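# Residue-level structure breakdown
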Amino acid sequence: MRPLSALSLAGKSWTAVLSRDFHSTRVATQNAMAHSYYEEEQKSMQKTARTIIDNDINPYVEEWEASGMYPAKEVFKKLGDAGLLGVNKPVEYGGMGLDFKFSVALNEELGHIACGGIPMSIAVQTDMATPALARFGSDQLKRDYLQPSVLGDVVACLGVSEPGSGSDVAALQTTAKRIGDDLVINGQKMWITNAFQADWMCLLANTQEGPAHLNKSLICVPMNTPGVHLTKKIDKMGMKSSDTAVIFLDDVRVPAKNIIGEPGMGFTYQMLQFQEERLACVALALTPMEISINQTIAYLKERKAFGQPLINNQYIHFRLAELLTDVEMLRAGLYRATENHVAGEDVTQLASMCKLKVGRLVREVTDSCLQFWGGMGFTNDVLISRMYRDMRLISIGGGADEVMLGIICKTMGILPKPNKPAKK
């Protein structure tokens, strides 16, 4: 078999074609909706983020993907020094005190990172592990955990999912029993992003008796506490540069004052936290989808078959038009949900709709685009194959598609109520 460098494409070597930097995310696009939606302050913040992405992240993505981990502490410190880890966190704890629209603008810009794992890892810090702490935590907890997270001095992770309860949060089994002034935690957490580099975990555990929705608390747990065991680095099909772990908690003792907000309100806090997480997930996916489409267009203009560029095939350019149309419709939904959330409205239904749609659409976009790349799409030499692997997680993480459908049905009033057991 001849090496790729020896093959040709319309008289050009594959090396020459690939040297046009299909791997990078530098794609010139004119997105009128995003341009008109964001104000100058948000655009300025995006430029700051883009500089860090171009200079300190993307040049090393290939290396980090190959090693299966990126230096989160180093990257977070650069982002923290630029104020990007606390755009909507309180000023008194190192944040910028801006509204959630700035967070969405940042996440959309983070989509220019040339992989899915690093943006997801950053979002764990900004939109998953810290929103409830910022909103409900005591001053001392904010000083000890929120402020260093915002400044980029520590790495956080979120401990919710378990082997027997991923999207079914109410069914989690980890316990945190009160003994004197302490909590003693026992259980297991799974699919924990950032775990091997994290300094602390925002942990959801059962802290008392009562209904599943009223017996849980969110707890700040230092990862160096005796009894916290990281036993396995999970080998994933995508998100390679993001470390993911199984965590065992064996008689882990932390002060009871590490509970965020009111004991027993953890499930409610986590549901509120999920809304921002899900909107962040949508924002993170918009740019990769747009890049996938535009890089595919660029490739199809070069790739010839039957005497003409493949882009001239009506089915192909119609399909790409359909995909970009769907991306823009999703963007409109995200912006509407963002405005409603900033205005203090309940966005549970709309956030769930956007999360459902992005999980399905990103699969359509990456699958269709990879198909148009042909055999090249099945190699690791082009970005689309990585996006195909990385973006598949979106339909699973942060609430699976089926869970989103259940939430939407519930908000519509059409979800059947479970049958109560008959009285004997």
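Residues numbered from 1 in each chain as written. Predicted model: local features only at pLDDT ≥ 70, side-chain atom pairs only at ≥ 80, totals over all residues. Heavy atoms only, no water.

What follows deals with the packing of aromatic side chains. Overall, the coordinates contain nine aromatic pairs when judged by the stated rule. Residues Y38 and Y335 carry aromatic rings whose centres are separated by 5.6 Å and whose planes lie at 70° to one another, so their mutual orientation is edge-to-face. Here Y335 lies in helix α11 (residues 314–342) and Y38 lies in the loop between α2 (32–37) and α3 (40–57), a separation of 297 residues in the sequence. Using a relative accessible area of 5% as the deciding quantity, one classes Y335 as buried. Taken together, a centroid distance of 4.1 Å and an interplanar angle of 10° make the contact between Y299 and W373 stacked. (Phe/Tyr/Trp six-rings, centres within 6.5 Å; stacked < 30°, edge-to-face > 60°. Helix = DSSP H or I, 4+ residues; strand = E, 2+ residues; numbered from the N terminus. Buried < 20%, exposed > 50% of the residue type's maximum accessible area, 1.4 Å probe, protein only.)

With that out of the way, let us pick up the pairing of strand β5 (residues 182–193). Direction of pairing for strand β4 (residues 175–179) relative to β5: antiparallel, over a ladder of five bridges. Note on β5: the bridge partner recorded for I179 is D182. Hairpin geometry of β4 and β5 is characterised by an intervening segment of two residues between the two adjacent antiparallel strands and by a positive phi of about 65° at G180. With nine bridges connecting them, β5 and strand β9 (residues 244–255) associate as antiparallel partners. Following the sheet pairing, T193 is matched in β9 by T244. (Pairing = 2+ DSSP bridges.)

What follows concerns the confidence of the model for the protein. A residue-level look at the protein finds 91% of positions with pLDDT of 70 or above and a mean pLDDT of 91. With pLDDT under 50 throughout, residues 1–30 is counted as low confidence; its partners more than four residues away or in other chains account for 59 contacts. (pLDDT = per-residue confidence, 0-100. Contact = heavy atoms within 4.5 Å.)

Along the polypeptide, F76 turns up in helix α5 (residues 72–81). As for F76 and V362, which are separated by 286 residues in sequence, their C-alpha atoms are 27 Å apart.

The end-to-end C-alpha separation of α3 is 24 Å, in line with the 26 Å expected for 18 residues at 1.5 Å each. Within the sequence span of α3, burial applies to Q42, K43, M45, Q46, A49, R50, I52, I53 and I57. (Expected span 1.5 Å × (residues − 1).)

The next point concerns the pattern of salt bridges. For the structure shown, the criterion picks out 22 salt bridges. Linking D401 and R360 is a salt bridge whose minimum nitrogen-to-oxygen distance equals 3.9 Å. In this pair, D401 is assigned in helix α14 (residues 401–412) and R360 in helix α12 (residues 348–373), connecting sequence segments 41 residues apart. Classification of D401 as buried rests on a relative accessible area of 4%. Its relative accessible area of 42% is what places R360 among the partly exposed residues. Salt-bridge contacts for D401 lead to R363; the nearest nitrogen and oxygen are separated by 3.3 Å. Here R363 lies in helix α12 and D401 lies in helix α14, a separation of 38 residues in the sequence. (Salt bridge = Lys/Arg side-chain N within 4 Å of Asp/Glu carboxyl O.)

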